[in-house]
Amino acid sequence: LNRRLAEFGTTIFAEMSALALRTGSINLGQGFPDTDGPEEIREAAVRALRDGRGNQYPPGPGVPELRTAVAAHQRRHYGLSYDPDTEVLVTAGATEAIAAALLALLEPGDEVIALEPYYDSYAACIAMAGGTRVPVTLRPHEGAFRLDLDELRAAVTDRTRLLLLNTPHNPTGTVLTRAELTAIAELAVERDLLVVTDEVYEHLVFDPAGHIPLATFPGMRERTVTISSSGKTFSYTGWKVGWVTAAPALVTAVRSAKQYLTYVSAGPFQYAVAEALALPDGYFTAFREDMRAKRDLLADGLAEAGFDVFRPSGTYFVTTDIRPLGESDGFAFCRALPERAGIVAIPNAVFYDHREEGAPFVRFAFCKRPEVLREAAGRLKALR
Ligand code: PMP
Ligand code: GLN
């Protein structure tokens, strides 16, 4: 393994999912639902397979049906208009979109500002692209992890090429507010920065304000690469269909990198996701409300078990502080948790450069059936 990647080792998700299997624990680590998404969407994939749609290489930018559906989704939900032919790119999940965007847009030595804790692929992809990551830490404030806008401003230097944002934010569940996004947009315009924004949890926002894409702010459409994915919104994380929306020059750049990573992602699923994106508003509302009930079930259980709980405004993760349990090392806590309670969780420290900042925080996924969450809550009480 070369020096760029040596520090990354095995992803925490693979490690913790293997631990869950080995110990027969309830896996609240890696974020994936334990029930599949809409049956009609699975049937759409079966039909595409059977009818031979996408069984041979689909077009590099993605099948036209899906690109059109992505553009229609951005218009329907946010009033953003993108040309399906020049401003939409289909990727192998959001993961490839992140990689391709960073590989396409960074010069070696460019600085990338990312909100810490950050999703683990960001650090690895910045490193593969030869960039330098500059973390800006979200810190607990009144029950949520908040961004310090002064710190963000101070992090920008003459070498800053782009901001890598994520809202709703994994692992904290923070959703950036309109005021914060406004300030970020002003900073990006003032310092002439590109922004890559990972919005895969766009349909999992529990606050009335909902999700506000950064690209809707003044001056942002032309400098923002917006990334999303079908995995979260439609509960088919194994299909790996994601997409990028951006101005033509940015999409062309990302596509240049993407064509040498995977060329294109699996064909039949793209047709099914095109149908999923066109589901009526009721689907998206019901999905969010179902996940809100699950959030409350697990957050209440964790609070009863003695954790300090940061009830998330978005995503399907809840971050906790383990110090009220007399613990301070999230790694040690998560390694012992299968034995102590039959549960697997993720130590947030893996998402930090400043490991000590993340040490007491542990993330639990709540995208699981209610009976599983109730069983988990019961087991966690044993920790008191
Ligand atoms: N970004 C974030 C913040 C995520 O949580 C995830 C999935 N866990 C991804 C990207 C990757 O999405 P995909 O599975 O579509 O590659
Ligand atoms: N995004 C998921 C999580 O945060 C996991 C995805 C993965 O395994 N890479 O849990």
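About the thresholds
- Here the residue numbering is sequential within each chain, running from 1 through the sequence in written order.
- Chain A is the first chain written and ligand 1 is the first ligand written, with later ones labelled in order.
- At least 70 in pLDDT is required for a residue's local features to be given in this predicted model, at least 80 for side-chain atom pairs to be given and counted, and no such filter applies to totals for whole chains, interfaces and linings, which use all residues.
- Counting other C-beta atoms within 10 Å of a residue's own tells you its class, since 20 or more makes it buried, 12 or fewer makes it exposed, and anything in between is partly exposed; those C-beta atoms are placed from the backbone.
- Strands are runs of DSSP state E lasting at least two residues, helices are runs of H or I lasting at least four, and both sets are numbered from the N terminus onward.
- By construction, the arc corresponds to the directions joining the helix axis to the C-beta atoms.
- Here the contact rule is simple: place C-beta atoms from the backbone, and any two residues whose C-beta atoms are within 7 Å are in contact.
- Whether a residue is near a molecule or strand depends on its C-beta atom, generated from backbone atoms, being within 6 Å of that molecule or strand.
- Residues were grouped as follows: Ala, Val, Leu, Ile, Met, Phe, Trp, Tyr, Cys and Pro as nonpolar; Asp, Glu, Lys and Arg as charged; and all remaining residues, including Gly, as polar.
- For the domains described, the bounds stem from an automatic or database domain assignment.
- By this definition, two strands are paired if DSSP reports at least two bridges between them.
- For crossovers, right-handed means that the path from the first strand over the helix to the second runs clockwise, given strands pointing away from the viewer.
- UniProt positions are given in the numbering used here, feature names are shortened, and annotations may be inferred rather than shown by experiment.
- To obtain each axis, a line is fitted to C-alpha atoms, and for helices this fit is confined to the stretch in contact; angles are then taken between N-to-C directions over 0 to 180 degrees.
- In a helix, the anticipated span is given by 1.5 Å times the number of residues less one.
- Between 65 and 115 degrees an angle is taken as roughly perpendicular, under 35 as roughly parallel, over 145 as roughly antiparallel, and anywhere else as oblique.
- By the definition used in this description, the sense in which the near helix is turned from the far one sets the handedness, with an anticlockwise turn below a right angle giving left-handed and a clockwise turn giving right-handed.
- pLDDT is defined as a per-residue confidence score from the predictor, taking values between 0 and 100.
- Residues of type Ala, Val, Leu, Ile, Met, Phe, Trp, Tyr and Cys that are buried and joined through C-beta atoms within 7 Å form what is called a nonpolar core.

Let us look at helix α13 (residues 330-341). Taken together, the buried positions of α13 are Gly 330, Phe 333, Cys 334, Leu 337 and Pro 338. Each buried residue of α13 sits inside an arc of 140° when the element is viewed along its axis, so together they form one side. Away from its buried face by more than 90 degrees, α13 exposes Ala 336, Glu 339 and Arg 340. On its buried side, α13 packs onto α2 (12-23), β13 (343-344), β14 (346-347), α14 (355-358) and β15 (361-365).

As a structural note, the neighbourhood of ligand 2 is formed by Thr 11, Phe 13, Gln 30, Gly 31 and Asn 170. For the shell around ligand 2, the residue count by class is one nonpolar, four polar and no charged.

As far as domains go, the protein chain holds domain 1 (3-30 + 282-381) and domain 2 (39-277). Computed from C-alpha atoms alone, the centre-to-centre distance between domain 1 and domain 2 is 24 Å. Facing the 31 residues of domain 1 at the interface are 28 residues of domain 2. Going through the elements one at a time, α1 (3-6), α12 (281-304), β12 (317-321) and α14 are the ones with two or more residues in the side of domain 1 that touches domain 2. Ranked by residue count, the leading element in the side of domain 1 that touches domain 2 is α12, at six residues.

Here we come to the pairing of strand β7 (residues 160-166). With six of seven residues buried, β7 is to be regarded as a mostly interior element. Both strand β3 (residues 111-116) and β7 contribute to a ladder of four bridges, which runs parallel. Among the inter-strand pairings, Ala 114 is bridged to a residue of β7, identified as Leu 164. What joins β7 to strand β8 (residues 194-198) is helix α8 (residues 178-190), and the crossover it makes is right-handed.

Inspection of the region around ligand 1 gives 14 residues, with Gly 93, Ala 94, Thr 95, Asn 170 and Ser 229 positioned closest. Across the shell around ligand 1, the residue classes tally to three nonpolar, nine polar and two charged.

This part covers the UniProt feature "domain: Aminotransferase class I/classII large" (unreviewed entry) in the protein chain. Sites flagged by UniProt as "domain: Aminotransferase class I/classII large" (unreviewed entry) map to residues 26-380. Within residues 26-380, the helical portion is 41% and the strand portion 18%, while the C-alpha atoms at the span's ends are 11 Å from each other.

Another aspect to go through is the sheet that holds β12. Here we have four strands laid out as an open sheet, ordered β11-β12-β15-β14, and antiparallel in their pairing. In the strand order of this sheet, the two ends are held by β11 (308-310) and β14, each with one partner. In this structure, β14 lies alongside β15, joined through two bridges in antiparallel fashion. Considered in β15, the bridge of Pro 347 is made with Val 362. The strands that α12 touches are β11, β12 and β15; relative to β12, the one it contacts most, it runs at about 15°.

This part is about helix α5 (residues 93-105). Along an α-helix, residues three or four apart share an orientation, since each turn contains 3.6 residues. Under the 1.5 Å per step criterion, the end-to-end length of α5 is 19 Å for 13 residues, consistent within 8% with the ideal 18 Å. Burial analysis of α5 places 11 of its 13 residues in the buried class, the great majority of the element. Within α5, burial applies to Gly 93, Ala 94, Glu 96, Ala 97, Ile 98, Ala 99, Ala 100, Ala 101, Leu 102, Leu 103 and Leu 105.

Further remarks concern the packing of helix α4 (residues 64-78) against helix α11 (residues 267-277). Across the interface, α4 lies against α11 with an axial gap of 8 Å and an inter-helix angle of 25°. By the angle between their directions, the pair α4 and α11 is classed as roughly parallel. As for the relative orientation of α4 and α11, their crossing is left-handed in sense. Contacts between α4 and α11 involve Glu 65, Leu 66, Ala 69, Val 70 and His 73 from the first element and Gln 270, Tyr 271, Val 273, Ala 274 and Leu 277 from the second. Taken together, the residues of the contact of α4 with α11 sort by class into seven nonpolar, two polar and one charged.

This brings us to the confidence of the model for the protein chain. The pLDDT averaged across the protein chain works out to 97; a share of 100% of its residues lies at or above 70. As scored by the predictor, the complex reaches a pTM of 0.97 and an ipTM of 0.97.

Moving on to the nonpolar core. Residues Ala 101, Leu 102 and Val 244 are the most contacted members of the largest nonpolar core, which totals 113 residues. Looking at this core, the element that brings in the most residues is α5, giving nine residues. Residues from two domains meet in this core; each of domain 1 (3-30 + 282-381) and domain 2 (39-277) gives at least three. With residues up to four places along the chain from it excluded, the contact list for Val 244 reads Leu 89, Thr 91, Ala 97, Ala 101, Val 225, Thr 226, Ile 227, Val 251 and Val 254.

A few words now on the environment of Arg 384. Secondary-structure assignment places Arg 384 in the segment after α15 (370-381). Linking Arg 384 and Thr 245, residues 139 residues apart in sequence, is a C-alpha distance of 47 Å. Excluding anything up to four places from it in sequence, Arg 384 contacts Ala 305 and Gly 306.

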